[in-house]
Amino acid sequence: MRLVFAISSVSVFLVAGSDVCAADSPATKPNVILVMTDDQGYGDLSCHGNPVLKTPHLDQLHAEAVRFTDFHVSPFCTPTRAALMTGNNPGYTGAYRTSSGRTMMHPDEKTVAHLFGENGYATGMIGKWHLGDNAPHRPQDRGFQDVVWHRCGGIGQASDYWGNDYFDDTYERNGEFEKFEGYCTDVWFREGIRFVEENKDKPFFLYLALNAPHGPYHVPEEWAAPYQNNKDVANANFYGMVANIDHNMGILRERLDELGLAENTILIFMTDNGTSGGGKFPTLDAEPTIGYNAGMRGRKSTVYEGGQRVPFFIHWPKGGLDGGRDVDTLAAHIDVLPTLANLCGIEVSEEYRPDGVSLRVLLEGKGKWARHHLVEQYHAGAYGKAFPLEPYDYTVVMTERWRLVNSDGERLFEIEKDPAQRKNVAGEHPEVVARLRALYDPFWEKVSPRLTPVRIDLGNPAENPTVLCSQDWYLPTGNPPWNFNSIKKLPKVTGPWMVDVKEAGRYRITLRQFPVEADMPVVAERAKVEIAGKTAEKPVEPGSKGVVFELDLPAGPTELVTWLYDEKGKAGGAYFTEVELRVCSKNPLAAESK
């Protein structure tokens, strides 16, 4: 990868009292901009009652939009993104954890980008992807035509470009690394506006997925300054990151107005899970002792309300979705794809099989709403306690009235009377517990067969060589080394990458402990690699910055495992491993000529 430096259509039904608008031609098709922040909770907005944080531009959008006040996502990053992209429950997609080789969707999953691209839309993805760093799982492999993104689950994590720290970073643009100037959130909005400007004369779909306010909590000082030395603020930098997002939302909306696009653009604002830094929580599932959580219990990484109930604002003036109105019906991330397709006059074929449903009847404020419950499962819990996964563990079954939570014990809450989920009433309503538990069974029956490994391609022409990172080791429990604080300690652990050799041939496999950009030697005495029934071993030369093996591999699914042994014979894996197809068996000259 080269481093570049650079500074049968469905009619749309509108809200009650408005005219019906058919989105069946490029001139009438609405544009879509979906903005999703990372780790910002329901209470991290002044329009939701936060007494300290100031978000005037998001408050204005809230005042003008249709607001879903009981909207639910997954308790953390990857699964929400998988559901958003496909309309399916995350476990079904295969992407249900944030590391350990479980961040990638099954190849047969089609995305909202495929859907809109196939129907004449320009599709763009800017920011955080977190659904796979390698082919065939990157955003450009999943239907997005124009992408600018960072790898891994956060800027500065292991598979992200070496040295990134939120400021003047190197990101990937359409398959090539490029140096950018400025703070990450400012860059993402600037690139999003660039995409809008380049596609203003055609319908477009923009997925603007911010990495902020995810930790580490880096932000220019001027944004955090208003929140410093305030006893009611748990993390001034976190609030500063949200304030910066709000500022950029104002710039985006102003530019849409200037371009004459605001009227016929569906603009969505949402977040991917509950707060991470908006409060001080004694435990993950507690109420905060400092900060504001909108009266809810729990934070990111729990199935309590504070972990997975989030803001969802949708604004579309031409479609009548304006004026400010609350919808208090249960809705979820799985509903976004079918809803947007419905509003934009796009038929969703059987290839997509969405678990979600269109929210159109709720947006209209008329018609019959058929769904009466939702199921959310946080597979293996907050710390990935054990795989394989078990039914019922870390689940919540939701209705308008009830929440049946199974997280270290089964508890029932009457959510309308007890929004903070303080009183367990399971003993008083055993019949409700039984009824809600039965609603879980069809969910598990569909999801569980798909909780299987998703493989990374080797020898795929779209990405050759492939650079693998230890975050994708497929471990039976917990997380592999996924950040440099861990990797710098050279932990004595290894695991398999689940891979699919696309072409039989000779492969060069290079083992490292740090990415090639770090220019650091391998600290080991001996190296070993095992793949497709083949094992190779050799000493590590002093000062070597990569241990190279060449092996002839057959095509097909397999596992790749590496070992780097120290002078005491203890082994950790090669946290970064490059695999390059050098000679194809079918065409010996093809790969070497690249």
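Residues numbered from 1 in each chain as written. Predicted model: local features only at pLDDT ≥ 70, side-chain atom pairs only at ≥ 80, totals over all residues. Heavy atoms only, no water.

> Which parts of the structure should I look at to understand the overall build of the protein chain?
The number of helices and strands found in the protein chain is twelve helices and 30 strands. The globule rule puts the C-alpha radius of gyration for 594 residues at 25 Å, and the 24 Å found for the protein chain is close to it. Seen along its three principal axes, the alpha-carbon backbone of the protein chain occupies a region of about 75 × 60 × 50 Å. A total of about 22,100 Å² of accessible surface is found on the protein chain, and carbon and sulfur atoms cover 50% of it. Averaging the locations of the 62 positively and 80 negatively charged side chains of the protein chain gives two centres separated by 3 Å. (Helix = DSSP H or I, 4+ residues; strand = E, 2+ residues; numbered from the N terminus. Rg over C-alpha atoms; globule rule 2.2 N^0.38 Å. Areas by Shrake-Rupley, 256 points an atom, 1.4 Å probe, with all protein chains shown as cover. Lys, Arg positive; Asp, Glu negative; His and termini not counted. Charge placed at Lys NZ, Arg CZ, Asp CG, Glu CD.)

> Got a minute to help me understand the sheet that holds strand 27 (residues 547–553) in this structure?
Sheet strands pair by backbone hydrogen bonding; their relative direction is either parallel or antiparallel. Pairing in this open sheet of four strands is antiparallel, and the strands run 22-30-24-27 from one edge to the other. Strands with a single pairing partner mark the edges of an open sheet, and in this sheet they are strand 22 (466–469) and strand 27. The average undirected angle you get between the axes of adjacent strands in this sheet is 25°. As paired strands, strand 22 and strand 30 (residues 576–584) are joined by four bridges and run antiparallel to one another. (Pairing = 2+ DSSP bridges. Axes fitted to C-alpha atoms, helices over the stretch in contact; angles between N-to-C directions.)

> Help me understand the environment of Gly 278, please; the structure alone is not making it clear to me.
Assignment of secondary structure puts Gly 278 in the loop between strand 10 (265–271) and strand 11 (279–280). For Gly 278, a relative accessible area of 1% gives the class buried. A sequence separation of 45 residues divides Gly 278 from Val 233, and the C-alpha atoms of the two residues are 7.5 Å apart. Excluding residues that lie within four positions of it along the chain, Gly 278 makes contacts with Asp 44, Ala 234, Phe 238, Tyr 239, Ile 290, Gly 291 and Tyr 292. (Buried < 20%, exposed > 50% of the residue type's maximum accessible area, 1.4 Å probe, protein only. Contact = heavy atoms within 4.5 Å.)

> Where do I start with the packing of helix 5 (residues 184–198) against helix 7 (residues 236–258) in this structure?
In helix packing, the relevant descriptors are the interaxial angle and the interaxial distance, both defined with respect to the helix axes. Contact geometry of helix 5 with helix 7 gives a least axis separation of 10 Å together with a crossing angle of 15°. Relative to helix 7, helix 5 is oriented roughly parallel. Remark: the crossing between helix 5 and helix 7 carries right-handed chirality. When helix 5 is examined against helix 7, the residues Thr 185, Asp 186, Phe 189, Ile 193, Val 196 and Glu 197 are found in contact with a partner set consisting of Asn 244, Ile 245, Asn 248, Met 249, Ile 251, Leu 252, Arg 255 and Leu 256. Looking at side-chain class alone, the contact of helix 5 with helix 7 contains eight nonpolar, three polar and three charged residues. (Parallel < 35°, antiparallel > 145°, perpendicular 65-115°, else oblique. Left-handed = near helix turned anticlockwise from the far one by under 90°. Nonpolar A, V, L, I, M, F, W, Y, C, P; charged D, E, K, R; others polar.)

> What is the right way to look at the packing of helix 1 (residues 56–64) against helix 7 in this model?
Put simply, helix 1 and helix 7 touch, their axes get as near as 7 Å, and they point 55° apart. It follows from the interaxial angle that helix 1 and helix 7 lie oblique. Mapping the contact onto sequence places Pro 56, His 57, Leu 58, Gln 60, Leu 61 and Glu 64 in helix 1 and Asp 246, His 247, Met 249, Gly 250 and Arg 253 in helix 7. Looking at the contact of helix 1 with helix 7, its residues break down into four nonpolar, four polar and three charged.

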